[in-house]
There are 4 protein chains.
Amino acid sequence: MAKKFFVEREKISSDGFRYRGLSSSRLENLTDAVFGFSITLLVISSQVPTTYIELQASMYSFIGFIFCTMLLLGLWNNHSNFFLYYGLHDKTTKALNALFIFMLLFYIYPLKYLFSYIGTAIYATLKRNLGDNSEALKVAWRDLAAADLNVLQWKDLIIRFGLGLLLIYLILVLMHLNANKKADELELSDKERYITKTFIHEYLLLMSVCVLSILIVLFFGGRAAGYAGGAYTLIPILLPLYHRYRIRKMKKLEL
Amino acid sequence: MAKKFFVEREKISSDGFRYRGLSSSRLENLTDAVFGFSITLLVISSQVPTTYIELQASMYSFIGFIFCTMLLLGLWNNHSNFFLYYGLHDKTTKALNALFIFMLLFYIYPLKYLFSYIGTAIYATLKRNLGDNSEALKVAWRDLAAADLNVLQWKDLIIRFGLGLLLIYLILVLMHLNANKKADELELSDKERYITKTFIHEYLLLMSVCVLSILIVLFFGGRAAGYAGGAYTLIPILLPLYHRYRIRKMKKLEL
Amino acid sequence: MAKKFFVEREKISSDGFRYRGLSSSRLENLTDAVFGFSITLLVISSQVPTTYIELQASMYSFIGFIFCTMLLLGLWNNHSNFFLYYGLHDKTTKALNALFIFMLLFYIYPLKYLFSYIGTAIYATLKRNLGDNSEALKVAWRDLAAADLNVLQWKDLIIRFGLGLLLIYLILVLMHLNANKKADELELSDKERYITKTFIHEYLLLMSVCVLSILIVLFFGGRAAGYAGGAYTLIPILLPLYHRYRIRKMKKLEL
Amino acid sequence: MAKKFFVEREKISSDGFRYRGLSSSRLENLTDAVFGFSITLLVISSQVPTTYIELQASMYSFIGFIFCTMLLLGLWNNHSNFFLYYGLHDKTTKALNALFIFMLLFYIYPLKYLFSYIGTAIYATLKRNLGDNSEALKVAWRDLAAADLNVLQWKDLIIRFGLGLLLIYLILVLMHLNANKKADELELSDKERYITKTFIHEYLLLMSVCVLSILIVLFFGGRAAGYAGGAYTLIPILLPLYHRYRIRKMKKLEL
């Protein structure tokens, strides 16, 4: 019967990892609630428009918000996969999850601040170059000017953002190391151990991009903030490359 | 035994579609949290009344809010049905769901703005014509005047609203197209494939109403905003008609 | 085995009603999210204390908030039981649930307003009579004075509150009537049909108390607001009496 | 098969307690939503930074927030374990859970106030001693000065905090006493009865630390607030000691 077949199929990831945490626990419910509110607050919170021009101006932050939401949903996906794959609820995982929640919440506002600034700047510049001269655009520029950042502050903001992301990925690495340590207890197959190590390597790769970005502003100062930020564009290039390499190697090893 | 019978019955929709996603995943939990929060904020957020008259005045937005809530719950229902029917959690669905969440959040405030304005206007006009002359009514009128929209702004608001709805339905269409592409994998029966196509057609119908509304203001300007808004009343007329036609056709085809 | 026994036991209510909706659907998840936020916002929202005296003053609303929270959790309990008992997710139930969510959200602020006022008044009067003369008490009195209600406003507030509660219970009655109509489909036993009717009667009893309270202020005006509010104390007297009567009758009928 | 083994293993706690509430009910969903929201609001709420210096200043409360979040997640863990271990959903549990939710929400702001003050004070002092002289530090000091507490207010705050925690633990004790009373019905083994009593003892231990802290400020006044707060450091010392003693005794008793 189709139904049964489907349920069976769902128990294994496309990589061939058997899901050990299919029934979500309260730990995951709680984290989902926190993620859901964070994302909602990120987009909605500080901008209750009361006049029409304010409403229009708030649209300028669109680009910033979409990046921001995607980053958060990406982290949620990582978190979700960990619990789906290993189904671990031991004390180490609980403690690391508590830290994860805390880091997430504490970095929501710097994140919003950074992305909203960049997004608005990009969009407003674009609009101005296209000859737009509306009230809303002026409000957006005024907001940008009010929040204007000097070179030292840019340096600080880049370090803060990098450090936050670094710590979040560090927590994910520690979670996977804990799962790896429990490999025998979880009866992970050779293939599953290999995939676990791939996860760890990938998070370490992400962490080193964060380190690179921080080093750029530490050595070259706030004026290099653009390059430091640009370093993150390495992620969508390096990560898929490394992932493909690991998958190819896995097939060679006949796991 | 009754219990068993009931559970069996629940596994199939009234149309005869076997539910493939009965146990809700974290993807759905997250989306529910976002929906729940959005609806709550929509009704509650910006209006913490501190005096009695403010409390009374806030009641004027009742009509606007009920439409707004119903629209959001309608979208939730569409989203919910998709996951219930197909139980898909592949990467395409995840990415589309992320976009869905983003669009939803980004259009909460314009939605609130639009419906709160219209609802308050209708109710306040009604009350004034009935001879009401209370403090609360004056506060409501003052709020309306403060948010007063000129013809150009109405045009813009109608386009914005139409575009938002259009994109949300587009995401739903893409989700269903993805399910349709996976029809063999999901072992959809002929009937289920037919119902899937019906869903897609209905969302396309909704999208074309949005396009019609946008075209009206594009051609006739903001003064035609009333007609552009009125175009949406086509939905509760056309949609059930088309749905009944498809069901009748399904029966003829003996699926 | 104990585990199994326990699970078995849980499938039947203490009244002998077989649970038909043990696995909670997304409809319930969404409603839980809305309830959770509402309760949280009710207690937390408008009062972010910045000085110590404000923090102290906010404690005066303790009594009001506890009533308010209990009322909401009581409604949640009614809602939760309905889905647990009948496990219905048909279109009527979905539509009624949407209305339920809307009514709930729309009546949060009047509820908060009313109970916070009454609670603070009671507690502040108590404190003053006990000779307290602190800064915080003065702040609480100032808040009370600012929100001061005249006789007409009391009348209006009592009507509003009564009407809100009346409509919420009406939705619950309609939900149960719908379940009753589907009694054959749900294969309700005679006992279960009897319990369903008991639910309906009890909600009708609650509704008539709301009507009584509204009638008091309609006939005697805002000065009778105390009596109109006091009418609700009939609930904890009449409801258990009627419940016991129905249970005793059920045993006599040997259901 | 690994999967099956794992699921089997998960049904028993590391102490050997069979989980009776594996499938989380709506009662737990609701409480999770409230917890998730509370934690999110605790960290995010009152501090929407609009200038860069405000953003930097908000980071001073880091230490306070991490303690606060950990305290809440600790309480969540206690709550979660209770429902996981006993799976009780009787009326007493429901009523106690309602009180638990209320106490939690009512103590969020005093908690935030206390920890944010202490955390900022510690961090700002540290920074000043390290020679920092930034704008952000000045903002943080100004905030501290604005919220400055005199001796009497410290006394009051310590009592309030202690009383809140005492009541929350009291509710947890009552919940476990209720489970203990139902031991036969739940078919608790001797070992499980022993663990239940261990829980109760441990919560009583936590309560007596609260009482100790309150007594210190009652006898020595607000100037002893530091010692009264310091009393809570007994918890991470006494609790593990007592826990180890009970586990050792359990092994001796060969349960």
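So, how was this worked out
Residues numbered from 1 in each chain as written. Chains lettered and ligands numbered in written order. Predicted model: local features only at pLDDT ≥ 70, side-chain atom pairs only at ≥ 80, totals over all residues. Heavy atoms only, no water. Helix = DSSP H or I, 4+ residues; strand = E, 2+ residues; numbered from the N terminus. Buried < 20%, exposed > 50% of the residue type's maximum accessible area, 1.4 Å probe, protein only. Contact = heavy atoms within 4.5 Å. Areas by Shrake-Rupley, 256 points an atom, 1.4 Å probe, with all protein chains shown as cover. Axes fitted to C-alpha atoms, helices over the stretch in contact; angles between N-to-C directions. Parallel < 35°, antiparallel > 145°, perpendicular 65-115°, else oblique. Left-handed = near helix turned anticlockwise from the far one by under 90°. UniProt positions renumbered as here; feature names shortened; annotations may be inferred. Core = buried A, V, L, I, M, F, W, Y, C linked by side-chain atoms within 4.5 Å. Phe/Tyr/Trp six-rings, centres within 6.5 Å; stacked < 30°, edge-to-face > 60°. Polar contact = N/O pair within 3.5 Å; in protein donor to acceptor, adjacent residues only side chain to side chain. Patch = residues over 30% accessible without salt bridge, like charges linked within 9 Å, V, L, I, M, F, W, Y side chains within 5 Å. Salt bridge = Lys/Arg side-chain N within 4 Å of Asp/Glu carboxyl O. Expected span 1.5 Å × (residues − 1). Nonpolar A, V, L, I, M, F, W, Y, C, P; charged D, E, K, R; others polar. pLDDT = per-residue confidence, 0-100.

Scanning chain A from terminus to terminus reveals 11 helices and 0 strands. Listing every helix and strand of chain A by position from the N terminus yields α-α-α-α-α-α-α-α-α-α-α. The buried share of chain A, taken over its 255 residues, is 55%. In chain A, 79% of the contacts between residues at least 6 apart in sequence involve partners at least 24 apart. Taken as a whole, chain A presents about 11,200 Å² of accessible surface, with 64% of it coming from carbon and sulfur.

Let us look at the packing of helix α8 (residues 151-181) of chain D against helix α9 (residues 190-220) of chain D. Residue and element names in this part refer to chain D. α9 packs onto α8 with a crossing angle of 165° between their chain directions and a minimal axis gap of 9 Å. Between α8 and α9, the crossing angle belongs to the class labelled roughly antiparallel. Handedness of the crossing formed by α8 with α9: left-handed.

What follows covers the UniProt feature "transmembrane region" (unreviewed entry) in chain A. Residue and element names in this part refer to chain A. In the numbering used here, UniProt assigns the feature "transmembrane region" (unreviewed entry) to residues 27-45, 57-76, 96-115, 157-179, 200-219 and 225-242. Across residues 157-179, the secondary structure splits into 100% helix and 0% strand, with the terminal C-alpha atoms separated by 33 Å. The distance from the first to the last C-alpha atom of residues 200-219 is 28 Å, and the span holds 100% helix and 0% strand.

Core analysis: the largest hydrophobic core is formed by 291 residues, its most contacted members being Tyr86(A), Tyr86(B), Tyr86(C) and Tyr86(D). Grouped together as the second largest cluster of nonpolar side chains are 10 residues, Leu41(A), Phe37(B), Phe37(C) and Leu41(C) included.

Turning our eyes to something else, we now look at the packing of aromatic side chains. Overall, the coordinates contain 44 aromatic pairs over all chains when judged by the stated rule. Seen in terms of ring centroids, Tyr85(B) and Phe199(B) are 5.6 Å apart; in terms of plane orientation they differ by 70°. Their pairing is edge-to-face. One end of the pair, Tyr85(B), is in helix α4 (residues 62-86); the other, Phe199(B), is in helix α9 (residues 190-220), and 114 residues separate them in sequence. We classify Tyr85(B) as buried; its relative accessible area is 7%. Taking the centre distance of 6.0 Å and the plane angle of 25° together, the rings of Tyr169(D) and Tyr203(D) count as stacked.

Further remarks concern the side chain of Asp90(D). Along the chain, Asp90(D) turns up in the loop between α4 (62-86) and α5 (91-106). Side chain to side chain, Asp90(D) and Lys182(D) meet in a polar contact 2.4 Å long.

Residue and element names in this part refer to chain A. Together, Val211, Leu215, Leu218, Phe219 and Phe220 make up an exposed nonpolar region whose accessible area comes to about 540 Å². Assignment of secondary structure puts leucine 218 in helix α9 (residues 190-220). Here leucine 218 falls in the partly exposed class, since its relative accessible area comes to 46%.

This part covers the environment of Val173(B). All names here are of chain B. When you line up the elements, valine 173 lands in helix α8 (residues 151-181). Look at valine 173 and you get buried, because its relative accessible area is 5%. Taking the C-alpha atoms as reference points, valine 173 and lysine 197, 24 residues apart in sequence, are found 9.8 Å from one another. In this view, valine 173 contacts Ile200, Tyr203, Leu204 and Met207; residues no more than four positions away in its chain are not counted.

The next subject is unusual backbone geometry. A positive phi angle, near 55°, is found at Glu187(A), a position not held by glycine. Among the secondary structure elements, Glu187(A) is positioned in the loop between α8 (151-181) and α9.

Moving on: helix α6 (residues 108-129) of chain C. Residues and elements named next belong to chain C. An ideal rise of 1.5 Å per residue puts 32 Å on 22 residues; α6 measures up with 31 Å between its terminal C-alpha atoms. For α6, the full list of buried residues reads Ile108, Tyr109, Pro110, Leu111, Lys112, Tyr113, Leu114, Phe115, Tyr117, Gly119, Thr120 and Ala124. Trailing α6 by a residue or two, glycine 131 shows a phi angle of about 90°, which is positive.

This brings us to the packing of helix α9 (residues 190-220) of chain C against helix α11 (residues 235-252) of chain C. All names here are of chain C. Direction vectors running N to C along α9 and α11 enclose 160°, while the axes themselves pass 11 Å from each other. Taken together, the axes of α9 and α11 lie roughly antiparallel to each other. Note that α9 runs across α11; the crossing there is right-handed. Between α9 and α11, the residues in contact are Lys191, Tyr194, Ile195, Lys197, Thr198, His201, Glu202, Leu205, Leu206 and Val209 and Ile235, Leu238, Leu239, Tyr242, His243, Arg246, Lys249 and Met250, respectively. Here the contact of α9 with α11 is built from residues that sort into 10 nonpolar, 3 polar and 5 charged.

All right, on to the pattern of salt bridges then. All names here are of chain D. One pass over the structure, following the stated rule, counts 18 salt bridges over all chains. With its nearest N and O atoms 2.4 Å apart, the salt bridge here joins lysine 182 to aspartate 90. Residue lysine 182 is located in the loop between α8 and α9, and its partner aspartate 90 is located in the loop between α4 and α5; the two are separated by 92 residues in the primary sequence. Accessibility classification places lysine 182 together with aspartate 90 in one group, the buried group.

Right, let's get into the environment of Thr92(A). Counting through the fold element by element, Thr92(A) comes out in helix α5 (residues 91-106). Between the C-alpha atom of Thr92(A) and that of Ala179(A), which follows or precedes it by 87 residues, the distance is 9.8 Å.

Take the environment of Ser80(B) next. All names here are of chain B. Following the sequence through the fold, serine 80 ends up in helix α4. Judged by its relative accessible area of 8%, serine 80 falls in the buried class. Taking C-alpha positions, serine 80 is 9.8 Å from glycine 21, a pair spaced 59 residues apart along the chain.

Moving on to α9(A). Helix length check: α9(A) (31 residues) gives 45 Å between terminal C-alpha atoms against 45 Å at 1.5 Å per residue, within 8%. Looking one or two residues past α9(A), Gly221(A) carries a phi angle of roughly 80°, positive in sign.

It is worth spelling out the confidence of the model for chain A at this point. All names here are of chain A. For chain A, per-residue confidence averages 82 on the pLDDT scale, and residues scoring 70 or more make up 87% of the total. Looking at the elements of chain A, mean pLDDT is at its lowest for helix α1 (residues 2-10), recorded as 42, and at its highest for α9, recorded as 94. Across residues 1-9 the pLDDT falls below 50, and counting only partners more than four positions away or on other chains, this stretch makes 17 contacts in the model.

Moving on, we come to the side chain of Asn97(B). Tracing the chain through its elements places Asn97(B) in helix α5 (residues 91-106). If near-sequence neighbours (up to four positions away) are discounted, Asn97(B) is found in contact with Leu27(B), Thr31(B), His79(B), Phe83(B) and Met175(B).

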